[in-house]
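What the coordinates show
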Amino acid sequence: MYPNEKLSEEKVFKDPVHRYVHVRDKVIWDLIGTKEFQRLRRIKQLGTTYLTFHGAEHSRFNHSLGVYEIVRRIVDDVFAGRPDWDENERLLCLCAALLHDLGHGPFSHSFEKVFHLNHEQFTRAIILGDTEVNAVLRRVSLHFPKKVAEVIEKTYENKLVVSLISSQIDADRMDYLLRDAYYTGVSYGHFDMERILRVMRPREEQVVIKRSGMHAVEDYIMSRYQMYWQVYFHPVTRSAEVILTKILHRAKHLYLSGYTFQTPPVHFQSLFHGNMQLEDYLQLDEAVTLYYFQQWQYERDAILSDLCRRFMNRHLFKYVEFQPTNEEMKKLMELTTLFKKAGIDPDYYLVVDSSSDLPYDFYRPGEEEERLPIYLLMPNGELRELSRESTIVDAISGKRRTDHKLYFPQDFLDDLSTKRNIKKKIKQLLYE
Amino acid sequence: MLFEHAKMLKVLAAVGEIVGRKKLQKMIYIAKKMKFPFYEKFDFHFYGPYSEELTWRIEELCNVGFLQEMKEKKGGYYQYRYTLTEAGEQFLTHYQLDMPDLDVCLRSLNEQSARFLELVSTILYFEELSKDEVKEKVFTLKRKKRYTEEEIEEAYRYIEQLREQAYIKS
C-alpha cells in the first residue's frame, strides 16, 4: 500500500544543521521530487537578508527538509508508542511539515505587501490543485490532500498534529532559528534542540514539555528574541526590502499607466492586474525576479532604473529613527513637501518602515491574545504555563517591541549641485 | 505612510468605541471579507480568524496615545474597551480617509455580539466549502461554543445582508 510503502534503502540528505535528513517513506521521496517542491530551491529563506549577512543564501527547500526532519524525529523517536499519540497521523504530520512553506513566492514579504497576496492561499492551491504534489498526495487517499492543507492552515481537528507545525515551540521555528543562525553566521540563534525533542510529550490538545527541559526552552525563547532583533529586523535588510517594495510599486504603476518597457514585465502582468493564477505564480521565482531587476537598471524611467541599480548594487537607503507621534508626523509632512521641492519623489524615496515582535505570550481566558502557550509537564502530571515557572520567560512575556525607521537616499541629499538649500534643510530636519 | 494605522483610527472614529479585542478582530476580518481595503493577514486560531499584525497595530496605537485601551474586569476575566483619543483624532487629520460605506458596515458589526461575530467570521473563513462542510467545521472546531443550526442560519442571513449593502453602495 502506497501510504506505508518504504524505499528499498533509506535516502539521506546531508544537512549542515541536522547532519542528515532521513527519508524512508516513498510518499515523502515522491513529494520532494515534484516540480512545485523543487521550486523552493529558487526561493531564499530570508529574502533580502543576504545583502546584510552574505551567508544567508539558503533556500526554503533547505528549511522545508529541516522541518520535515525535526517532525520525523519527534514522531518516530519520541512520540511512537506513547498513549496520546495516534500512529495513523504520522504520515500526515510528515507531509504537512515538508509542505508547510510550499506557497511562498519570491521575496514573499515584499510581494505580499505590494500585491496583497497570501502565501498560505497558494500553499493550499498547490496542495489541492492540478499539481504534481496533489497527484502524490491523492495516491495516499482521496481526502489526504485536504487533510494536509488543513494541518498547515491550523484548521485540522487534531490540535496535537497542528501544534507540531505551528505553535510557540514548533518544528518550523526550531529549524529556522538554528538554520538562519548557521547561515548568517551569528552566534545568537543556538539552543539545545536535541534536549527539547527528548522532553516533548504528546497530549490531546498539543505538545507539552517535561519540567526538566525548562531551561532548554528558556534558551530557545531567548534565541528567538535575539534573532528577531539582530537578524530578521536588521535595519539594512529592511532598507533592501523597502527598495524592493518600491521597485514593485513603480513597475506596477508604469505598466498600468501604459509605459513602454524595454524589458516588458511578462511574468508580472497578471500580478499587476490582480488576477494571478497558480500556473503563473509557480513560474515566478527569485531568479526570474532578479533577471527583471537586472534589466530594468537600463530602463528609461529614472525612478525604476535608479531603484533597481540600488538593489542590484547594494546602494541602499539610509535611515533615522522615527516615532509616529503627532510632532514627528508634522515633521514627516514637512519632509514630504521638501522632497517634492527638491525633485525627489517622496512616494519612492521617503519611507517609514515598521517592525514588531512579541517573543512569547500566553493565553488569557476570554480574550483574544490567541497564542497557544507552552505548557510544562510537572512531575505530578499537572500542566503549568511556562511563564509561571520561568522567571526569565515571565520577564519578556507579553512584551512587544516595535521599531519604526524612516528611510531615504542619503546620496541624493549629499548631491548639492542642485536645490542646495532645500537639501540642506531636509538634512537638518532628518538629523535634528 | 502609516496609512494602515490611520485606517484603524478611522474605524474607531466611525463606531465610537469597541468593547473586546475579539470583537475588534472579527469586525476587521469581516469588513475585509466584504472587500473593504484592510490588508492585515489573518490565520485561523482559537476564536476563528485572527491577525497578529492587527494586534500589534492596535497595541502600537495605544502606546503612542492615539487610542485609549481601558481594561475592565468582567466576571472571571478582563475585557478591553477601545476609544479614539484627541491625539488620535489630530493624527487622523493628516489623512484623507472618507469611506461612508465602511462606516455603515462597521456600525452594523459593532451592534452584534462577539460570539455572533466569531461565528460569522468562521463561516466566512471557510466560505469556499459547501454549507454542509462549513457546518461540520463549525461543529468540530467550535465544539465548546455549542452553536446551533439556527445561529448558523442567522449568520448566513447576516452575511447576505452585509454583502447586499456593500454591493449596493460600491
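Residues numbered from 1 in each chain as written. Chains lettered and ligands numbered in written order. Predicted model: local features only at pLDDT ≥ 70, side-chain atom pairs only at ≥ 80, totals over all residues. Heavy atoms only, no water.

What follows deals with the overall build of chain B. For chain B, the helix and strand inventory stands at eight helices and five strands. Listing every helix and strand of chain B by position from the N terminus yields α-β-α-β-β-α-β-β-α-α-α-α-α. Referenced to the eigenvectors of the C-alpha coordinate spread, the extents of chain B come out at roughly 50 × 45 × 25 Å. Sorting the 170 residues of chain B into buried and exposed places 54% on the buried side. Within chain B, counting contacts between residues at least 6 apart in sequence, those at least 24 apart form 66% of the total. Averaging the locations of the 28 positively and 29 negatively charged side chains of chain B gives two centres separated by 5 Å. (Helix = DSSP H or I, 4+ residues; strand = E, 2+ residues; numbered from the N terminus. Buried < 20%, exposed > 50% of the residue type's maximum accessible area, 1.4 Å probe, protein only. Contact = heavy atoms within 4.5 Å. Lys, Arg positive; Asp, Glu negative; His and termini not counted. Charge placed at Lys NZ, Arg CZ, Asp CG, Glu CD.)

Along its length, chain A carries 23 helices and nine strands. What you see for chain A is a C-alpha radius of gyration of 24 Å, in line with the 22 Å of a compact globule of 432 residues. Taken along its principal axes, the extent of the C-alpha atoms in chain A is 75 × 50 × 40 Å. Total accessible area on chain A is roughly 18000 Å²; 48% of this is exposed by carbon and sulfur atoms. (Rg over C-alpha atoms; globule rule 2.2 N^0.38 Å. Areas by Shrake-Rupley, 256 points an atom, 1.4 Å probe, with all protein chains shown as cover.)

A separate point is the pairing of strand β5 (residues 77–84) of chain B. Residues and elements named next belong to chain B. The pairing of strand β1 (residues 17–19) with β5 spans three bridges and is classified as antiparallel. Of the residues in β5, the one forming a bridge with Ile18 is Tyr82. Note: strand β4 (residues 67–74) against β5, eight bridges, orientation antiparallel. For Lys71, the partnering residue across the bridge sits in β5 and is Tyr80. In this antiparallel pair of consecutive strands, β4 and β5, the connection spans two residues, and Gly75 shows a positive phi of 60°. (Pairing = 2+ DSSP bridges.)

The subject of this paragraph is the packing of aromatic side chains. Per the stated rule, a full pass over the model turns up 37 aromatic pairs over all chains. When the ring centre of Tyr50 of chain A is taken as origin, the NZ or CZ atom of Lys44 of chain A, which lies over that ring, is 4.5 Å away. Lying over the aromatic face of Trp56 of chain B, Arg57 of chain B brings its terminal NZ or CZ to 5.9 Å of the ring centre. (Phe/Tyr/Trp six-rings, centres within 6.5 Å; stacked < 30°, edge-to-face > 60°. Lys NZ or Arg CZ within 6 Å of the ring centre and 35° of its normal.)

Okay, a negative patch on the surface next. Taken together, the side chains of Glu157 of chain A together with Asp132, Glu133 and Glu136 of chain B make up a negatively charged region of the molecular surface. Tracing the backbone through its elements, the reader meets Glu136 of chain B in helix α7 (residues 131–141). (Patch = residues over 30% accessible without salt bridge, like charges linked within 9 Å, V, L, I, M, F, W, Y side chains within 5 Å. Salt bridge = Lys/Arg side-chain N within 4 Å of Asp/Glu carboxyl O.)

A separate point is helix α7 (residues 132–140) of chain A. All names here are of chain A. When we look at burial in α7, the residues that qualify are Val133, Asn134, Val136, Leu137 and Val140. For α7, the angular spread of buried residues about the axis comes to 160°, placing them on one side. Those residues of α7 that are buried lie in contact with α1 (26–32), α2 (35–38), α4 (90–99), α6 (119–128) and α8 (144–153). (Arc of directions from axis to C-beta.)

Attention now moves to the pattern of salt bridges. Between side chains of opposite charge, a pair can form when the charged atoms approach closely. Using the criterion set out here, one finds 52 salt bridges over all chains in the structure. When the shortest N-O distance is used, the salt bridge between Lys405 of chain A and Asp403 of chain A registers 3.0 Å. A relative accessible area of 7% means that Lys405 of chain A is categorised as buried. Judged by relative accessible area, which is 14%, Asp403 of chain A ranks as buried. Of the charged contacts, one joins Arg115 of chain B and Glu151 of chain B as a salt bridge, the two residues approaching to 2.9 Å between their closest N and O atoms.

Another aspect to go through is the interface of chain A and chain B. With 41 residues of chain A in contact, the opposing surface of chain B contributes 42 residues. Each partner contributes to the roughly 3500 Å² buried at the junction of chain A and chain B, and carbon and sulfur atoms together form 54% of this total. In this structure, the connection of chain A to chain B is made through five salt bridges. Lys154 of chain A serves as the salt-bridge partner of Asp43 of chain B, at 3.4 Å between the closest nitrogen and oxygen. Seen at the junction of chain A and chain B, the total is eight residue pairs in polar contact (both at pLDDT 80 or more). For the side of chain A that touches chain B, the secondary structure elements donating two or more residues are α6, α8, α18 (326–341), β6 (351–357) and β9 (401–408) of chain A. Counting residues per element, the side of chain A that touches chain B draws most heavily on α18 of chain A, at five residues. (Buried area = accessible area lost by both parts, 1.4 Å probe. Polar contact = N/O pair within 3.5 Å; in protein donor to acceptor, adjacent residues only side chain to side chain.)

Residues and elements named next belong to chain A. One non-glycine residue, Arg19, adopts positive backbone phi at about 65°. Locating Arg19 in the fold gives a position in strand β2 (residues 19–25). Unusually for a residue other than glycine, Lys154 sits at a positive phi of about 65°. Position of Lys154 relative to the elements: it lies in the loop between α8 and α9 (159–165). Owing to a relative accessible area of 17%, Lys154 belongs among the buried residues under this scheme.

Moving on: the sheet that holds strand β8 (residues 383–385) of chain A. All names here are of chain A. Pairing is mixed across the open sheet formed by four strands, whose spatial order is β3-β4-β7-β8. Either end of the sheet is taken by a strand with one partner, and the two such strands are β3 (200–202) and β8. Within the sheet, the average angular offset between the axes of one strand and its neighbour, ignoring direction, is 45°. In this sheet, strand β7 (residues 375–377) lies alongside strand β4 (residues 207–210) in parallel orientation, the contact comprising two bridges. (Axes fitted to C-alpha atoms, helices over the stretch in contact; angles between N-to-C directions.)

What follows deals with the UniProt feature "domain: HD" (unreviewed entry) in chain A. In the UniProt entry, the feature "domain: HD" (unreviewed entry) is given for residues 60–177 of chain A. The span residues 60–177 of chain A carries 69% helix and 0% strand; its end-to-end C-alpha distance comes to 13 Å. (UniProt positions renumbered as here; feature names shortened; annotations may be inferred.)

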